[in-house]
Structures are given as C-alpha cells and as structure tokens.
Amino acid sequence: MTRTISPKQHYDLIIIGGGIYGSVLLWEAINRGYNAVLVESGDFCSGTTANTAKILHGGIRYLQSLNLRRIKESSHDRQHYCKLAPHLTSPLPSLMPTDRSLSRNRWIMGAGFYVYNLLLRIFTQGEVDPVFLKNGLISQAEMIDRVRWLDPKRVTGAAQWTDAQVNNAERLGFSFVKTAMDAGADAFNYLRVKEILSKRGAVTGVVAVDQLSNKTVALSGDLVVTTTGHWSRHLLSPLCPSIPSTHHFQRAVNLIVPLSLSSYALGLKVKKPSGPPERRLLFASPWQGQTLFGTWYFKDLLPPAEDRGRVTADEINHCLDEINLTFGNLELTADDCSLIHVGHLPVDSKERLMEKEEIIDPHRHGGPTGLYAVQGVKYTTALSVAKKTFQLLEKRTLSQRPITHRATTSLYGWESDQSDLDPISTLKEPIRAKLSPMTLERLARNYGTVMKRIVEWGIRQPSLLEPLPGTDNTLCAEIPYLLENEAVYRLSDLLVRRMGLGGEGRPNTDTIAFCASQMSSYLGWTLDQEKREISSLIGHYNR
C-alpha cells in the first residue's frame, strides 16, 4: 500500500509543524470554520512534544512572580485537557519539602497556596475540578512517613498540590489532529516543507517533499503559520533574513528509570557532593510504573538543521549524579535508563527558559504578508496560544467566522460528554469476559472510547484478540486498526506514539519483529525496508 497525498485546491491556512502547538492550532482552525491543512516533516508529535515531563501544570510556579495571566491560562488549559481526554490524563499529587529558608518557608508557602486556591475558583468562576484544590501543607511527620529516606532534620513539612499527568503525550496531540481530520481538515505527516512561496509581497503557499515517496507536493494557501520551534528560523530566513532573534534553544532532558520511587511527584533541591543544596529543583514523577526524572537544560550541540536530539555520555552522567545524590543515595547508571527524552525549548539571552510564547509577524521585519511563526514554551498552554493566534490572524488578515463547535464537544478517543464514563462498560459482557482486566484497563487508558472499535476487529477475526508476542496486555487487533485509521507509516509511529508501548522503554524483541512483519505485509515493505525500520526503532533508544 502506498499513500496518495491529494491536497485541496486552496487553503485558508497552512500550518507547518505537527507538534502539540500545530495540532491544537489545526483543531482550533476547524472549530472556527477555516479550511486548513497541517504538514509535519516527521510523525505527528514526535519531537519536543514527545520529549516532555508529561505534566500539565496548573501555573502555581507563576504565583511567585505574581503572573496572574499565566496562572489563569495554565489552570484553564490543564482542566480543559482533562475534560477533553480523561483517558489520557490523571491527577498527579505532588510534594515539595519545606524548610527554614525564606524561599521554602512553611507558612509563606501555606499562604501562597491559600491565594492560589482562591485564584483557581475566581478564574474558573467556581467550576474548578475539586481535585485541583487539594493544595496546602502537610506536617513533618506526614512528609517523612510518605518519603522515608528524607532527613527529618532538613525538612519542616511539605507543600502539597495536585497537577495533572499525561500518560501518552504524543497520542493526546494526535487526538487533536485526528479530530480535525474527521471534521474536514487535512493533515499529512512525513511531508517536509522545502520552500514557503510568495508573490508580490504576499504568501501564496508552500512546496513540500513527501518523505515516503520523494514526490514533490505544492500546497496553495492564503496564510502560512510555522510552529516548528528551533526549525522556524531555518524556514523563515530565505523570505525574511532580517528577522530579529529574540531567543535561542537549549536541549531539555528527562530520564525514565524502571524504579518506583514514590506515588507522589517529588520536587527536591538539587544536592551537591559538598556544601548546601542548590535552589534549583529536580523532580521525580511516577509514570507507568517507572519514575521520570527532570528536567535538565544543555546547550544545543549542533545547528537546528543538523540536530537530532542527541545527548552526550557526560551529560547523562551529570544527570545521574544529581539524581543519585538528591533522591536517597541511589546508585543509578546509564544502563538503568529505559528511555532518555531530549526536546528543544527556547531560552533568552541570559540562558533563562522563556516564560511567554511568541507570535511573530515577519512582515514587520521585511517579510511577506500572511506569514507567521508561533513559538510556544509549555505543552500545557497550547490551547490558550491557539486562541491568541487566531485572535491576531482574524484581526490582521483572516475574515472572522463564527465558531462552529464542530470538534470542541469531544475529542477523538473520548467521544462522550461524560468525563466519568468507563470505556470498558461500552463493551458487551461476553466480549469483556474474553479479555483480562489488565488488558481492558490498558485499552481504556490508551484509546478511551476508541477501544470498542479496536475490539470489533477482534470480534470479526478472533485471533486478533490474542496478546501481541512478547506482551501480556496488548492486543494484536490494535495493529490493523491503527494502520487503517491513524496515519501509521513507520514502525516507531505504531509502537512508540500510537500504541504507547515503546514510550515506556524499548519493546520486547519478539514484539518488534511481529509488528514489523505485520506492517511490512500491510504497507508492502521489502525485506531491506523492514530491517531498516527495526534498526531505526532500536536507534531511538540509543541516544
């Protein structure tokens, strides 16, 4: 099977970059009635979006700087994600020890949480999910009981709050893309933009290359918006060489270790071999039965056009040294890491992580009209930034249209207005009886209401209700459903981003071989292509 890219004759909007910002922007476009297309050079949400700390922040960090706008946006977007995709999100109880320093003083932090809870109620007009109001203080005895290896002489108690966690950040992003596609938008992965076209000082479209067939594709459009992060300057500079550089990028690194440290996310001051701890916090979050540590920031190794998210052995060892000293004298080595996440985030001239998104208009710097660049900072606030982007576009360029709400009432994977619906209950009892409780739970957690469609493949062909070789709770039926419905063209698309299996660490060798064989039959790969796909997938875990 070979795919055929058949773009529409003309688009209102062409979005370049299929991370969380581009995905949500496409979803917002279709909600507002625009004819839009998204193009992504790799797979959807396979870059920085995939390499995050998996946390949807409620903005409590911005209380210290009294940035009420960021608190409002973060808390709103966190709750909106949880409402749209309850199967992919869950509450994340978090702890940070208090001590006798001014910055971590118990009573000061308690007053801060009181104000934060009040702001949440105000910003949501009283409709905040009660789970996100579990913010306050616990005693020293309670903290030591929950984290027994902490030195009681160093802590006076702890601050406690609740954020949200994404169990599959890539799938959540793809859900926005799929919802928009089902409502009439176009979206193409593995379509790399080669050139942004302009005529008489105005953008007219793009020329792109299909990475799967090497064919050239032309897309015509009134507006082009890039959401490609550190690749944006590479795309914009031919049309606007004088565009100012307000930031550059650093690699953001998180490590996943097959270790269950705590049921809470822990934020601790980084310890050093000697002397007092640093003010900087290091977090350890429970994730899929493992622990995710982060985040560290390192200067980029290479220019954007050459960078592939590499991290050096010295950098990994630096991260591990800090983990081992900070979290109870662990003795982790590089061999203990099941996965290393490397993304790219913008920093200012003082090497500080940017706190605010940028929406750049190159026309103001000599570029063509109709061209914009969106630079996001946090996964959480992609929803708010998409709305801001359209407010700007409709003010300057686009003819405003009434919001249609075609896609906002539900998201692919949770096609229900009931946030407390149990997707397992949508299956008939005889079918539920054929599957183990762990299998049902995994299907519900990764696919939500779509699990019913996957199981239907197994009803038609009972052998597909068997577990994948090398797994206990992953169904063979997932493969044909995903190949048929979710734009899967590479082995990593299937195992890492759609199934979520490879997002927890390198899959079993038998699992990889079976999935590669199934994809080879469906997509018509040669034996050499199949071997290259397996090699590429394994390389994903050898950073």
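Details of the overall build of the chain
When helices and strands are tallied, the chain shows 15 helices and 17 strands. Against the 2.2 N^0.38 benchmark of 24 Å for 543 residues, the chain shows a C-alpha radius of gyration of 23 Å, consistent with a compact globule. Taken along the three principal axes of its C-alpha coordinates, the chain extends 70 × 60 × 50 Å. A buried classification covers 56% of the 543 residues belonging to the chain. Element-wise, carbon and sulfur atoms account for 51% of the exposed surface of the chain, whose accessible area totals about 23,900 Å². Charge centroids of the chain, computed over 62 positive and 55 negative side chains, lie 5 Å from each other.

So, the pattern of salt bridges
Summed over the entire model, instances satisfying the criterion amount to 25 salt bridges. A salt bridge links Glu394 to Arg32, with the shortest nitrogen-to-oxygen separation between them at 3.2 Å. With Glu394 in helix H8 (residues 382-396) and Arg32 in the loop between helix H1 (20-31) and strand S2 (36-39), this pair connects stretches of sequence that are 362 residues apart. There is no split in this pair, since Glu394 and Arg32 are both buried. Residues Arg497 and Asp493 are paired through a salt bridge, measuring 2.8 Å at the closest nitrogen-oxygen approach. With Arg497 and Asp493 both in helix H13 (residues 491-498) and four residues apart, this pair spans about one turn of that helix. The pair formed by Arg497 and Asp493 is uniform in burial state, with each residue classed as buried. Here the residues in one salt-bridge network are Arg69, Arg70, Glu73, Glu357 and Lys388, joined through shared partners.

Some words on the pairing of strand S14 (residues 290-299)
In terms of residue burial, S14 counts as a mostly covered element, since seven of its ten residues are buried. Both strand S13 (residues 281-287) and S14 contribute to a ladder of five bridges, which runs antiparallel. Along S14, the bridge assignment pairs Pro286 with Thr291. Two successive antiparallel strands, S13 and S14, enclose a turn made up of two residues, where Gln288 displays a positive phi of approximately 50°.

Some remarks on the packing of aromatic side chains
Remark: the centre distance and the inter-plane angle together describe each pair of aromatic rings, the angle taken between the planes. Summed over the entire model, instances satisfying the criterion amount to ten aromatic pairs. Considering the side-chain rings of Phe113 and Trp161, the 6.3 Å spacing of their centres and the 25° angle between planes classify their relative orientation as stacked. With a gap of 48 residues between them, Phe113 in helix H3 (residues 106-123) and Trp161 in strand S6 (residues 157-166) connect regions that are remote in the sequence. For Phe113, a relative accessible area of 5% corresponds to the buried category. Judged by its relative accessible area of 8%, Trp161 falls in the buried class. An angle of 70° between the planes, with centres 6.2 Å apart, marks the rings of Trp149 and Phe327 as edge-to-face. Of the two residues, Trp149 is situated in the loop between helix H4 (140-146) and S6 and Phe327 in the loop between helix H7 (313-326) and strand S15 (339-347); the sequence distance between them amounts to 178 residues. Using a relative accessible area of 32% as the deciding quantity, one classes Trp149 as partly exposed. Aromatic ring contacts, followed pair by pair, group Trp27, Tyr81, Phe176 and Tyr379 into a single cluster. The residue whose ring lies beneath Arg498 is Phe174, and the NZ or CZ to ring-centre distance is 4.4 Å.

Observations concerning a nonpolar patch on the surface
On the surface, Tyr114, Val115, Leu118 and Ile122 cluster together to form a nonpolar patch covering roughly 410 Å² of accessible area. With respect to the secondary-structure elements, Tyr114 resides in helix H3.

Concerning the nonpolar core
As a rule of thumb, nonpolar side chains are buried together in soluble globular proteins. Counting residues in each nonpolar core, the largest one holds 96 residues, and the members touching the most others are Leu26, Tyr81, Leu172, Phe176 and Met499. At eight residues, the largest contribution of residues to this core is made by H1. Here Met499 is in contact with Asn168, Arg442, Asn446, Tyr447, Leu468, Thr474, Glu478, Ile479, Leu482 and Leu494, once residues within four sequence places are set aside. The next biggest cluster of nonpolar side chains, apart from the first, holds 32 residues, and it includes Ile138, Ala284, Phe298 and Phe327.

Comments concerning the environment of His540
Looking at the secondary structure, you find His540 in the segment after helix H15 (527-539). Residues His540 and Arg506 lie 34 residues apart in sequence; the distance between their C-alpha atoms is 8.6 Å. If sequence neighbours within four positions are ignored, His540 has contacts with Leu339 and Val496.

Some details on the pairing of strand S11 (residues 248-257)
With respect to burial, S11 is a largely interior element, nine of its ten residues being buried. Pairing geometry for S11 and S15, over nine bridges, is antiparallel. The residue of S15 that forms the bridge with Phe249 is Pro346. Judged from the eight bridges that link them, S11 and S14 form a sheet pairing that is antiparallel. What sits directly across from Gln250, in S14, is Lys299.

What about the packing of helix H11 (residues 451-460) against helix H12 (residues 478-485)?
Close contact between H11 and H12 brings their axes to 8 Å; oriented N to C, the two are set at 120°. Considering the angle they form, H11 stands oblique to H12. Every pair of crossing elements has a handedness; the one defined by H11 and H12 is right-handed. Judged by residue contacts, Arg453, Ile454 and Trp457 of H11 engage Glu478, Pro480, Tyr481 and Glu484 from H12. Taken together, the residues of the contact of H11 with H12 sort by class into four nonpolar, no polar and three charged.

Thresholds, definitions, all that
Residues numbered from 1 in each chain as written. Predicted model: local features only at pLDDT ≥ 70, side-chain atom pairs only at ≥ 80, totals over all residues. Heavy atoms only, no water. Helix = DSSP H or I, 4+ residues; strand = E, 2+ residues; numbered from the N terminus. Rg over C-alpha atoms; globule rule 2.2 N^0.38 Å. Buried < 20%, exposed > 50% of the residue type's maximum accessible area, 1.4 Å probe, protein only. Areas by Shrake-Rupley, 256 points an atom, 1.4 Å probe, with all protein chains shown as cover. Lys, Arg positive; Asp, Glu negative; His and termini not counted. Charge placed at Lys NZ, Arg CZ, Asp CG, Glu CD. Salt bridge = Lys/Arg side-chain N within 4 Å of Asp/Glu carboxyl O. Pairing = 2+ DSSP bridges. Phe/Tyr/Trp six-rings, centres within 6.5 Å; stacked < 30°, edge-to-face > 60°. Lys NZ or Arg CZ within 6 Å of the ring centre and 35° of its normal. Patch = residues over 30% accessible without salt bridge, like charges linked within 9 Å, V, L, I, M, F, W, Y side chains within 5 Å. Core = buried A, V, L, I, M, F, W, Y, C linked by side-chain atoms within 4.5 Å. Contact = heavy atoms within 4.5 Å. Axes fitted to C-alpha atoms, helices over the stretch in contact; angles between N-to-C directions. Parallel < 35°, antiparallel > 145°, perpendicular 65-115°, else oblique. Left-handed = near helix turned anticlockwise from the far one by under 90°. Nonpolar A, V, L, I, M, F, W, Y, C, P; charged D, E, K, R; others polar.

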